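# Survey of secondary and tertiary structure
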Amino acid sequence: MNNIIQRWLEKRIGAPQRLPVTVNRKRLYTLPTGAGWLLLTLSLACVIASLNYTSNEALLVTLILASASILSLIMGHRILNGVTLQSIHVEPSHAGDNFTVEMEIKTKAWAKGIMVVIGNSHAAFDVDKNGVGKVRFSLPASQRGLWVLPRLCLTTRQPLGLATTWTWIFPQNIIVKIWPALEREPALLPQISTGNKHHINNAMQNQDIRSLRAYRPGDSIRQIAWKQSARSGTTFVREYDRPTGEAVIEWDKINLSYEEKLSRIATWVVEAERCGRPTKVILPNRQLGPGKGIKHRNECLDALAEMPNDQ
Amino acid sequence: MTSKENTLYETVPGSTPWPKPKSTAHLITSGNKKYAIALMAISLLPILNALPTGLTIWMTVNCLIILLLANFFKISRSIRMSFAVTSSILIAIVSFSGLASSMQEMAYSYAALMLCMKTMEITSVRDLRVISIMSIIPSLICLIDEANMLTGIISIIIIPSSISMLIFVCDIETDQRNNAKPSYYFKKAGKTLLLATPLALIAFYFLPRLDSPLWGHEKTTAGTGMSETMSPGNYDKLFNDPSVAFRAIFRTPLPVGFQAYWRGPVLTKYNGETWSTTPSFIEAKGSAEGTGTATSYKIMLEPQKQPYIPALDIPLSISPRAGLILNNLSVVSNTTNGQWRKARTIDMSSAIEGRNTIKDLPEEEKILNLELPAGYNPRAIEFARQLRQASNSEEEYVTKIASYYRSNLTYTLEPPLLGKDRVDELLFVTKQGFCEHFSSSFVVLMRAAGVPARIVTGYQGGEINENRDFYTVRQLYAHAWSEVWFEGKGWTRIDPTGFVVEQRPIDPLGNNPLLKATGLIGLSRWISDAWGKSVGNFNSESQRYFAEKLFTAETISFSPIFYKIFMILGGATLFLIGFMIVLNIGPRNKKLRGDPLEEAWHKACDRLRKIVPTLPLHITAQAAAKVAEQVLNNQSAQEFNELSRKYSQAQYEIAYASNRKTLAYAIGKWRPKR
């Protein structure tokens, strides 16, 4: 049964629409909620009983209740009718995290209580006096890749909660970029492409210590801050400012499985940006950089997200 | 976009085509619960009186404990469940032990228990909703059971409360924590109910009524009605009863003053104490004859215990399905179906100021109307004989008696009780009485003088509404007068009470001291009158009248089934029209189907899906092309590949914008071929 409705619904919803999308009355659906069915049953029973016992007062009261609930259907319909989904902005994120979706929705100024549903997440929003409201979603980014935002649902149970009114909106080409997950314990950045093995030593001698951080596999033993480590019980390593030195991350030189490789590259790209080092990423089909800064980092991460699945 | 795309969620969220409600457990606070419990407590008020005492006490204790647990301790589910179990056990006890003495008490107990049980178990917004709706049940049961001012007021309080609770629940569901006061929600609820009232009224007046109940007995709250007996000298309680006997609607000017005599049973038999009708006289005559202006009117009769229908002097016709006119001009209901117990509306016509055209009195009838019990009232009989001998005609005799009444008797609503010779005592000893005494003694005096006479009981006067088109006649307008047979004139109405007082203390224009209630009592009486007129007495009969008035110019009467169908259709049409008007207010989006290119592409994908049913719903162009390559023949696949490439370009390259339409057309023309 659900499948039949599903198929019919797919047909009705049809192609994705370009933003802004205005909700049309022909695509509004209404069904009673559990409470609605309860009231309906109660009203029917009371109408029959009051007709039987010729109690006009009870009949009138029941009919007022029933009409109020029918009116609530219309009110719910009017709340959603003409609502405009103005814009959607998706903030990319790493797999395993949550990505955020921000929507701007214009409603009638009096229309309250609209909820946006994506997947199993619900979000209600407040509107300003012009009827413009911003909805922020935080959705789990389960798997790396480029994804299309699924169709979303605007729903309301206003004003009496006796019926659910809803509509589906399938916005056209809202791409969700999910970057590879970051490694828990990131490995050290690959060394400078010039191959100067003494760089770290030089750095250690020449640079000031910037900070201490927890030990990660691949850290040089010389970097370990023994005193601090002994004091606190965890192993710390000294970190030095490394303003110069371009990190070159090469796809082929990492000896891991496909997705793990992507993860490592992503971790390095993030790390390098944090340290302010210029990076160059060499992927099988393209090469990025050298460059630095957030913009470059995002470009690299996007490229990683766009990598095809391992076949 | 050179790389592949997936859909984040392949199918619609969830598996239902409608949105699943979100979990709402965290929204339930003790404050919300308090509102729900308060609502439940109010809703139980109207039936509290009808509940078995043990149950009431138990429920009160139970609720207090729950309140304590809910607000001061963290109650575990098991405790709540144990209360639920106790409640179920109590329901079983109520059902099987006969704690509830009647079915009605049982129904009340069930409603109360279910409400109490539900309040123990508030864990989600849904529960709050259920409580809001269930809280209406007790007052509705109460209204069905007995509608009076009190239950009316209670339901006026409870229904907005539960509606505002529903609105409130809706707001907490969507996290609208605007800290609105209860008054805000009451205002919204009031608005909703006001909007609902017109729709409800349409449904109310158009919903076909049952002619007879589907099950059970009819409610009998019938008033005493007009009595077939009268014992002047005993205490009569009708005089103090302000309840409505009937209403009469006129299309022509209202009869006023002495015209407004509503006939009831005609009493001819006297045993010295009690007047009664003569059973042998009750024979149908069809319709009476009379002169004078014919006035047609409708009588809206309250339920009563007697089959008599009050009719204006002189009744000419009555709708045959409602009743018939007897020989003595009493009007009785069609007693075959026993419908007189119900409130109903009856079409009638009468000749006001008319005169009965029956010119000859059959011998046996004459004897009946001259009969006096032997051995009673010797003084009165002697007095009558002397007076008759002293007068030249019967008319003069009546005048003389009138002057005796005027000078000797006084009107009082609380006359002394009378002994054996009641007429003697009244005329010569106590000299105090009201209509029953006067008419009774007058008829005795007439009969003693050889003039056929009888007593007519009924009502006189009534309250006239502001529009002066209908009368409200209450039980306290009950009256008794007499009719005298004059040779050549026929039966003539003579009201002996009129000899004694110019105007009865019960003034036909509504200046009755008993009714002259001002302030709250007056208002409440006015409300209950208006209510009874427009809602309370609306039944299948008045609905038919309403339909006839609404849809036809004059007195075409509908066949019952036809009118019922008509009512259903009419009501439904009106309802739908209203519904459509509201639905159609709103923007019309011409671009309902979205982008034509997208549309064409999706159609092409649908065509491909017929061959490859596993093709995902929101597949990308490249992926679709790949699939097509595998299943279609070379030419078709190549075409598709080309189209999908162009489609991708069109979607992502602005330069391509101008060719969208042609591309959409090309995609639309493509057909998959194996």
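Counting restarts for each chain: residues are numbered from 1 in the order of the written sequence. Chains carry letters and ligands carry numbers; both start at the beginning, A for chains and 1 for ligands, and go up in the order they are written. Residues qualify for local features only when their pLDDT is at least 70, as the model is predicted, and side-chain atom pairs are given and counted only at 80 or more; totals for whole chains, interfaces and linings, by contrast, use all residues. Excluding hydrogens and water, the side-chain figures rest on all heavy atoms present in the structure.

### Digging into the overall build of chain A
Helical segments are the DSSP runs of H or I of at least four residues, strand segments are the runs of E of at least two, and each set is numbered from the N terminus. The number of helices and strands found in chain A is seven helices and 17 strands. With a 1.4 Å probe rolled over the protein chains alone, any residue whose accessible area is under 20% of its type maximum counts as buried; one over 50% counts as exposed, and the rest are partly exposed. Here chain A, with 311 residues, has 57% of them falling under the buried criterion. For every accessible area listed, the method is Shrake-Rupley and the probe measures 1.4 Å; residues are considered covered only by the protein chains on display. Element-wise, carbon and sulfur atoms account for 52% of the exposed surface of chain A, whose accessible area totals about 14100 Å².

### Points about the overall build of chain B
Summing up its helical and strand segments, chain B has 21 helices and 19 strands in all. Here, residues are in contact when the closest pair of their heavy atoms is within 4.5 Å. The contacts in chain B between residues at least 6 apart in sequence include a share of 73% that link residues at least 24 apart. Taken as a whole, chain B presents about 32300 Å² of accessible surface, with 60% of it coming from carbon and sulfur.

### Description of the pattern of salt bridges
Here, a salt bridge means any side-chain nitrogen of Lys or Arg that lies within 4 Å of a carboxyl oxygen of Asp or Glu. All chains considered together, the criterion is met by 17 salt bridges over all chains. In this structure, the salt-bridge partner of Asp127(B) is Arg126(B), at a minimum N-O distance of 3.5 Å. Using a relative accessible area of 3% as the deciding quantity, one classes Asp127(B) as buried. Three or more residues joined by partner-sharing salt bridges are found here, namely Arg157(A), Arg129(B) and Glu173(B).

### Structural notes on the sheet that holds strand β19 (residues 490–494) of chain B
Residues and elements named next belong to chain B. DSSP bridges decide pairing: two strands pair if at least two such bridges lie between them. Sheet architecture is open: five strands sit in the order β8-β4-β15-β18-β19, paired in antiparallel fashion. Of all the strands in the sheet, just β8 (311–312) and β19 have a single pairing partner and so form its edges. As paired elements, strand β15 (residues 453–460) and strand β18 (residues 478–486) share seven bridges and run antiparallel to each other. Within the sheet, the bridge partner assigned to Ile-455 lies in β18 and is Ser-482. What counts as an axis is a line fitted to C-alpha atoms, over the stretch in contact for a helix, and the angles between N-to-C directions run from 0 to 180 degrees. Sitting on the sheet, helix α13 (residues 435–448) touches β15, β18 and β19, and the angle it makes with β18 is about 15°.

### Digging into unusual backbone geometry
Of the consecutive residues Gln158(A) and Pro159(A), the connecting peptide bond is found in the cis state with omega at -5°. One can find Pro159(A) in the loop between β10 (152–156) and β11 (163–169). Of note, the phi angle at Asn377(B) is positive, near 50°, even though the residue is not glycine. One can find Asn377(B) in the loop between α9 (363–368) and α10 (378–390). Residues other than glycine seldom take positive phi values, yet Lys431(B) does so here, at roughly 60°.

### Let's talk about the pairing of β15(B)
Residue and element names in this part refer to chain B. With respect to burial, β15 is a largely interior element, eight of its eight residues being buried. The sheet contact formed by strand β4 (residues 261–267) and β15 spans five bridges and is antiparallel. Paired with Val-266 across the bridge in β15 is Val-456.

### Here's the deal with helix α1 (residues 30–48) of chain B
Expected helix span is taken as 1.5 Å per residue step, with the number of steps being one fewer than the number of residues. The terminal C-alpha atoms of α1(B) lie 26 Å apart, and with 19 residues this matches the ideal 27 Å at 1.5 Å per residue to within 8%. All of the buried residues in α1(B) are Asn32(B), Lys33(B), Ala36(B), Ile37(B), Leu39(B), Met40(B), Ser43(B), Leu44(B), Pro46(B) and Ile47(B).

### Things to note about the nonpolar core
The biggest cluster of nonpolar side chains holds 54 residues, and the ones touching the most others in it are Leu128(B), Ile163(B) and Phe204(B). When sequence neighbours within four positions are dropped, the list of residues in contact with Ile163(B) reads Leu65(A), Leu160(A), Ala189(B) and Leu193(B). Formed by 40 residues, the second largest nonpolar core is a distinct cluster that contains Trp275(B), Leu387(B), Val398(B) and Tyr405(B). Here the nonpolar core consists of buried residues drawn from Ala, Val, Leu, Ile, Met, Phe, Trp, Tyr and Cys, with membership extended through side-chain atoms lying within 4.5 Å.

### Here's the deal with the sheet that holds strand β5 (residues 98–106) of chain A
Two orientations exist for strands paired in a sheet by backbone hydrogen bonds: parallel and antiparallel. All names here are of chain A. Read across the sheet, four strands follow the order β1-β3-β5-β8 without closing on themselves; strand pairing throughout is antiparallel. Here the strands that pair on one side only, and so sit at the sheet edges, are β1 (21–22) and β8 (132–140). Judged from the seven bridges that link them, strand β3 (residues 84–91) and β5 form a sheet pairing that is antiparallel. Paired with Glu-91 across the strands is Thr-100, a residue of β5.

### A word on the confidence of the model for chain A
Residue and element names in this part refer to chain A. In the predicted model, chain A carries a mean pLDDT of 80, and 89% of its residues have values of at least 70. What pLDDT conveys is the predictor's confidence in a given residue, as a value from 0 to 100. Here helix α4 (residues 199–206) is the element of chain A with the lowest mean pLDDT, 49, and helix α2 (residues 34–52) is the one with the highest, 91. Below pLDDT 50 for its whole length, residues 193–204 participates in 13 contacts with residues either more than four positions away or in separate chains.

### Some details on the packing of aromatic side chains
Both the distance between ring centres and the angle between the ring planes are used here to describe each pair of aromatic rings. Residues and elements named next belong to chain B. Aromatic rings from Phe, Tyr and Trp, with only the six-membered ring used for Trp, were paired whenever their centres fell within 6.5 Å, and each pair was classed as stacked if the ring planes differed by under 30 degrees, edge-to-face if by over 60, and tilted otherwise. Taken as a whole, this structure holds 25 aromatic pairs over all chains when the rule is applied. Judged by centre distance (5.5 Å) and plane angle (65°), the ring pair of Phe-246 and Tyr-459 falls under edge-to-face. Separated by 213 residues along the polypeptide, Phe-246 in strand β3 (residues 244–250) and Tyr-459 in strand β15 bring together distant segments of the chain. For the residue pair Phe-246 and Tyr-459, the accessibility class agrees, reading buried in each case.

### With respect to the pairing of strand β17 (residues 470–474) of chain B
A regular strand places its side chains so that they alternate between the two faces of the sheet. Residue and element names in this part refer to chain B. The buried count for β17 comes to five of five residues, which makes it a mostly enclosed element. Because side chains alternate across β17, one face comprises the buried residues Phe-470, Thr-472 and Arg-474, and the other comprises Tyr-471 and Val-473, equally buried. In terms of strand pairing, β3 meets β17 through five bridges, oriented antiparallel. By the bridge assignment, Arg-247 is partnered in β17 with Thr-472.

### Structural notes on a nonpolar patch on the surface
Residues and elements named next belong to chain B. A residue counts toward a patch only above 30% relative accessible area and without a salt bridge, and it is joined to like-charged neighbours within 9 Å or, for Val, Leu, Ile, Met, Phe, Trp and Tyr, to nonpolar neighbours within 5 Å. On the surface, a cluster of nonpolar side chains totalling about 980 Å² of accessible area is made up of Ile-42, Leu-45, Leu-48, Met-149, Ile-153, Ile-157, Leu-520, Leu-523, Trp-526 and Ile-527. Of all the secondary-structure elements, those providing two or more residues to the nonpolar patch are α1, α7 (149–173) and α15 (519–536). A total of four residues in the nonpolar patch trace back to one element, the largest contributor, which is α15.

### Examining the packing of α2(A) against helix α6 (residues 137–145) of chain B
Axes are the key here: two packed helices are described by the angle between their axes and the distance separating the axes. Running from N to C, α2(A) and α6(B) point in directions that differ by 10°, and their axes come no closer than 10 Å. Here α2(A) lies roughly parallel to α6(B), going by the angle between them. Residue-level inspection shows Leu42(A), Cys46(A), Ala49(A) and Ser50(A) of α2(A) in contact with α6(B), the latter providing Ile137(B), Leu140(B) and Ile144(B). By the convention adopted, Pro, Cys, Tyr, Trp, Phe, Met, Ile, Leu, Val and Ala count as nonpolar, Lys, Arg, Asp and Glu as charged, and the other residues, Gly among them, as polar. In terms of residue class, the contact of α2(A) with α6(B) is made up of six nonpolar, one polar and no charged. Working definition: roughly parallel below 35 degrees, roughly antiparallel above 145 degrees, roughly perpendicular at 65 to 115 degrees, and oblique for all remaining angles.

### Overview of the packing of α10(B) against helix α12 (residues 422–430) of chain B
Residue and element names in this part refer to chain B. At a closest axis distance of 7 Å, the pairing of α10 and α12 adopts a crossing angle of 65°. By the angle between their directions, the pair α10 and α12 is classed as roughly perpendicular. On the side of α10, the interface is formed by Pro-378, Arg-379, Ala-380 and Phe-383, while α12 contributes Val-423, Asp-424, Leu-427 and Phe-428.

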